[in-house]
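The primary structure of each chain is shown beneath.
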Amino acid sequence: MVVGRFAPTPSGRLHLGNLLCAMLAWLSARSGGGRILLRIEDVDTPRCPDRNTRLCLEDLRWFGFSWDGPILRQSERTPEYENALAELQAHGLVYPCFCTRAELHPELAPNLGDTQTVYPGTCRNLTPTEAASKALIRSPALRLRVPDETVSFEDRLQGSVCENLRRDCGDFVIRRSDGLFGYQLACVVDDIASGVTEVVRGRDILSATPRQIYLTGLLGGTTPSYAHIPLLTDAQGRRLAKRDHDLDLTALSRRYTAQDLIGILAFSCGLRDRICPASLEELVPEFDWDRVRRDDIRLPDLTGGMP
Ligand SMILES: [Zn+2]
């Protein structure tokens, strides 16, 4: 049976791009007679206050989403992540990294967020004595040692994806120096625990997928199928940004009903040929991955009324 999931990170308000992912994940699972789970990815607790989670749940209810099983919250699953870490450590796959952000990204100003820079392996071969003396000065992040191995998979929308773990990803962080678990580890542990067979999410996560597939194998899980949704843009073709208050849900919900917006998303992504209001349930029998666009998905102009 298909087990899908929608797993938003409540670091801000949901936007239409998140809702499109939720809609496609939900429709894919429901149309296959499967289960669809909701997981709140608030593992980075300082960035994900409870208030955001409440808003996120309210927004999803407003759109008419229903979920199977309990809602998982990553902020409550630290013991599970600790178990997975212990398992990886027992296999000698984890090492402490004492590099500072400035050392890793000298070209970046502080606080620009994570980048895709490949870790050069600076701390990979520290002796236990070297590591112990560095640990007196600074608490380390923990990295997973990756092999010189190529991971490939077939994405339902993006086609063949292939990455060499050593060259394209590098050893990656599974627990941060502040003690919080990394996104990759939390995501994989939860997908395995929930028996997820199908992952539908934004294309921005595509490059993290080979790492997650590798980690899934190490932790004894089965690799799910993947569909990475193209970028959703505004009517001018610009990426949706948090600053576009015209397109945030508070503003949109004043001008449109939930069914208006679902109809607009269904048209924009290719599921329907014209715009007309729809409920999620109505779209279940019509759902077909072959109709979903592979290139950028452009919204109609939503600054006025119903397009
Ligand atoms: Zn390091």
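Residues numbered from 1 in each chain as written. Predicted model: local features only at pLDDT ≥ 70, side-chain atom pairs only at ≥ 80, totals over all residues.

A. Representation of the pairing of strand E7 (residues 159-164). Here strand E6 (residues 150-155) runs beside E7; their pairing, made up of 6 bridges, is antiparallel. The residue bridging Thr150 from the neighbouring strand is Asn164, located in E7. (Pairing = 2+ DSSP bridges. Helix = DSSP H or I, 4+ residues; strand = E, 2+ residues; numbered from the N terminus.)

B. Representation of the nonpolar core. By size, the foremost hydrophobic cluster in this structure holds 44 residues, and its most contacted members are Leu20, Met23, Leu24, Ala25, Trp26, Ile262 and Leu265. Every element with two or more residues in this core is listed here: helix H1 (16-31), strand E2 (35-40), helix H2 (50-63), strand E9 (198-202), strand E10 (225-229), helix H10 (258-268) and helix H11 (280-283). Considering every element that reaches this core, the biggest residue donor is H1, with 11 residues. Excluding residues within four positions of it along the chain, Met23 makes contact with Ile262, Leu265 and Leu280. Formed by 23 residues, the second largest nonpolar core is a distinct cluster that contains Leu142, Phe172, Val188 and Tyr214. (Core = buried A, V, L, I, M, F, W, Y, C linked by C-beta atoms within 7 Å. Buried ≥ 20, exposed ≤ 12 C-beta atoms within 10 Å, placed from the backbone. Contact = placed C-beta atoms within 7 Å.)

C. The arrangement of the packing of helix H3 (residues 78-90) against helix H7 (residues 183-194) in detail. Their axes nearest at 10 Å, the elements H3 and H7 cross at an angle of 100°. Viewed along their axes, H3 and H7 adopt a mutual orientation that is roughly perpendicular. Residues Glu80, Tyr81 and Ala84 of H3 pack against Leu185, Ala186, Val189 and Ala193 of H7. Here the residues of the contact of H3 with H7 sort into 6 nonpolar, no polar and 1 charged. (Axes fitted to C-alpha atoms, helices over the stretch in contact; angles between N-to-C directions. Parallel < 35°, antiparallel > 145°, perpendicular 65-115°, else oblique. Nonpolar A, V, L, I, M, F, W, Y, C, P; charged D, E, K, R; others polar.)

D. Fine view of helix H8 (residues 209-218). Judged by how many residues are buried, H8 sits mostly within the fold: 7 of 10 residues are covered. Of the positions making up H8, those classed as buried are Thr209, Pro210, Arg211, Gln212, Ile213, Tyr214 and Leu215. Of the residues trailing H8, Gly220 is marked for its positive phi of about 80°.

E. View of the domain arrangement of the protein. The domain architecture assigned to the protein consists of domain 1 (3-75 + 230-298) and domain 2 (77-104 + 116-190). Contacts between domain 1 and domain 2 engage 10 residues on the former and 8 residues on the latter. Considered class by class, the residues forming the side of domain 1 that touches domain 2 number 5 nonpolar, 2 polar and 3 charged. (Domains from an automatic or database assignment.)

F. Looking closely at the packing of H7 against H8. With their axes 10 Å apart at the nearest point, H7 and H8 run at an angle of 55° to one another. With respect to each other, H7 and H8 are oriented oblique. Crossing angle aside, the handedness with which H7 passes H8 is right-handed. Judged by residue contacts, Gln184, Leu185, Cys187, Val188 and Ile192 of H7 engage Arg211, Gln212, Leu215 and Thr216 from H8. (Left-handed = near helix turned anticlockwise from the far one by under 90°.)

G. Summary view of the pairing of E9. With 4 of 5 residues buried, E9 lies mostly within the body of the structure. Examined bridge by bridge, strand E1 (residues 3-6) and E9 share 2 bridges and lie parallel to one another. The partner of Gly4 across the bridge, within E9, is Glu198. With H8 bridging E9 and its parallel neighbour E10, the resulting β-α-β unit is right-handed. (Right-handed = clockwise from strand over helix to strand, strands pointing away.)

H. Layout of the sheet that holds strand E5 (residues 141-144). One open sheet accounts for 3 strands, arranged E4-E5-E8; its pairing is antiparallel. Each edge of the open sheet carries a strand with a single partner, namely strand E4 (94-97) and strand E8 (172-175). Strand-to-strand twist of the sheet, defined as the mean angle between neighbouring strand axes without regard to direction, takes the value 50°. Against the sheet, H3 contacts E4, E5 and E8, and its axis sits at roughly 105° relative to E4.

I. Expanded view of the confidence of the model for the protein. Per-chain confidence: the protein averages 92 in pLDDT, with 94% of residues scoring 70 or above. Note on residues 109-115: pLDDT under 50 across the span, and 3 contacts to partners over four residues away in sequence or across chains. (pLDDT = per-residue confidence, 0-100.)

J. Structural detail: the environment of Asn52. Mapped onto the secondary structure, Asn52 falls in helix H2. Here the alpha-carbon distance between Asn52 and Arg13, two residues 39 residues apart in the chain, equals 6.5 Å. When neighbours within four sequence positions are excluded, Asn52 is seen to be in contact with Pro10, Ser11 and Gly12.

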